[in-house]
Amino acid sequence: MILDAHDLGRRVRGRDLLDGVSLTIARGEVLGLVGPNGSGKSTLLRLLAGLVRPDRGLVRLDGEPMAAMPQRQIARQIALVAQSAETSDRITVRNAVALGRTPWLDALRPWSDEDDTHVAYALRRVDLAHLANRDWSTLSGGERQRAHIARALAQDPQILLLDEPTNHLDIRHQLAILDLVRSLGVSVVIALHDLNQAMRCDRLAVLQNGRLRALGPPAEILDPALLARVFGVRANALIDPHDGSRVMRFHPC
Ligand SMILES: Nc1ncnc2c1ncn2[C@@H]1O[C@H](COP(=O)(O)OP(=O)(O)OP(=O)(O)O)[C@@H](O)[C@H]1O
């Protein structure tokens, strides 16, 4: 499953939120979206998920324009975990995650053991199986975030879109979610603020003021000139003696 965006533009009240963004997400790759606050990352993810129509350009799923596809067909291929996803409070964690199965169900295909398996697997993958029977309203911020990710996994998508998924997570769960994302074998687009975490993506897309400023392997893209120009920081690279990986420390320019 390949997702490609061609010359995407989104304009609200005379202002370009996205302008001329083109990129292709290859099968199985993890593409990181980075950029300062308000650079257009969430807007781009909503367009890629088919939730918002572009004012210019188009999004194609395996070559087929998404604008012509029924929402249900899109939802069987693409799952989005939004930044401030809401869920009704009067629901158990298991039932909230089970909502991810909705695109696969209809009158001829009612809930089955297969759906239970997907939900149990998703809860296990985000380390929430022990909270399955809890009321959603009792979850902490980080537990909710993991439950939203579980719902997206239960949807069994080929393409997973994640908007700052590590936001509320403690450091162990941040690392676990990033490992999980890498291990799924599906295409992933993940908006991240932590540039050191972003270094683990296959490629990075850098947004600034709604425009794509750079696209490519993290080590090539995040050079000192770009970090100063786009993020307004000076970076010093250190080498982690544990595994030889490059770690950046940031300072104001
Ligand atoms: N419906 C809207 N009406 C007007 N402006 C909007 C609307 N939605 C988003 N914006 C603006 O568009 C810009 C891009 O927003 P977006 O949420 O895509 O940025 P972001 O890169 O995800 O930011 P952050 O890192 O802060 O989450 C912001 O300046 C935002 O205020």
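Residues numbered from 1 in each chain as written. Predicted model: local features only at pLDDT ≥ 70, side-chain atom pairs only at ≥ 80, totals over all residues.

(A) Summary view of the packing of helix α4 (residues 113–125) against helix α5 (residues 141–154). Running from N to C, α4 and α5 point in directions that differ by 140°, and their axes come no closer than 8 Å. On the basis of their axis angle, the class for α4 and α5 is oblique. Along this stretch, α4 crosses α5, giving a crossing that reads as right-handed. Between α4 and α5, the contacting residues are His 118, Val 119, Ala 122, Leu 123 and Arg 125 on the first element and Ala 150, Leu 153 and Ala 154 on the second. The residue inventory of the contact of α4 with α5, partitioned by class, reads 6 nonpolar, 1 polar and 1 charged. (Axes fitted to C-alpha atoms, helices over the stretch in contact; angles between N-to-C directions. Helix = DSSP H or I, 4+ residues; strand = E, 2+ residues; numbered from the N terminus. Parallel < 35°, antiparallel > 145°, perpendicular 65-115°, else oblique. Left-handed = near helix turned anticlockwise from the far one by under 90°. Contact = placed C-beta atoms within 7 Å. Nonpolar A, V, L, I, M, F, W, Y, C, P; charged D, E, K, R; others polar.)

(B) Fine view of the sheet that holds strand β5 (residues 64–65). In space, the 4 strands of this open sheet follow the order β2-β1-β4-β5, with antiparallel pairing throughout. In this open sheet, the two strands that pair with only one neighbour each are β2 (15–25) and β5. Pairing analysis gives 2 bridges linking strand β4 (residues 56–61) to β5, with the strands arranged antiparallel. Bridging across to β5, Arg 60 finds its partner in Pro 65. Across the face of the sheet, helix α1 (residues 41–48) comes into contact with β1 (3–12), β2 and β4 while running at roughly 120° to β1. (Pairing = 2+ DSSP bridges.)

(C) Molecular detail of the nonpolar core. Core analysis: the biggest nonpolar cluster contains 62 residues, and Leu 48, Val 97, Ala 150, Leu 161, Val 189 and Ile 190 have the highest contact counts within it. Here the element with the most residues in this core is α5; it accounts for 6 residues. Two domains each provide a minimum of three residues to this core, namely domain 1 (1–77 + 157–225) and domain 2 (88–156). Sequence-distant contacts of Val 97, defined by excluding residues within four places in its chain, comprise Val 119, Ala 122, Leu 123, Ala 147, Ala 150, Arg 151 and Ala 154. (Core = buried A, V, L, I, M, F, W, Y, C linked by C-beta atoms within 7 Å. Buried ≥ 20, exposed ≤ 12 C-beta atoms within 10 Å, placed from the backbone. Domains from an automatic or database assignment.)

(D) Inspection of the sheet that holds strand β9 (residues 203–208) at higher detail. The strand order across the open sheet built from 6 strands is β6-β7-β8-β3-β9-β10, with neighbouring strands paired in mixed fashion. Edge positions in the open sheet fall to β6 (78–81) and β10 (211–216), since each of these has one partner strand only. Averaged over all adjacent pairs, the angle separating strand axes in this sheet is 15°, with direction ignored. The pairing of β9 with β10 spans 5 bridges and is antiparallel. Pairing of Gln 208 across the sheet is with Arg 211, part of β10. Sheet strands in contact with α1 are β3 (30–34), β6, β7 (159–163), β8 (187–191) and β9, and its direction is about 155° off that of β8.

Don't take any of this as a statement about function, it's just geometry.
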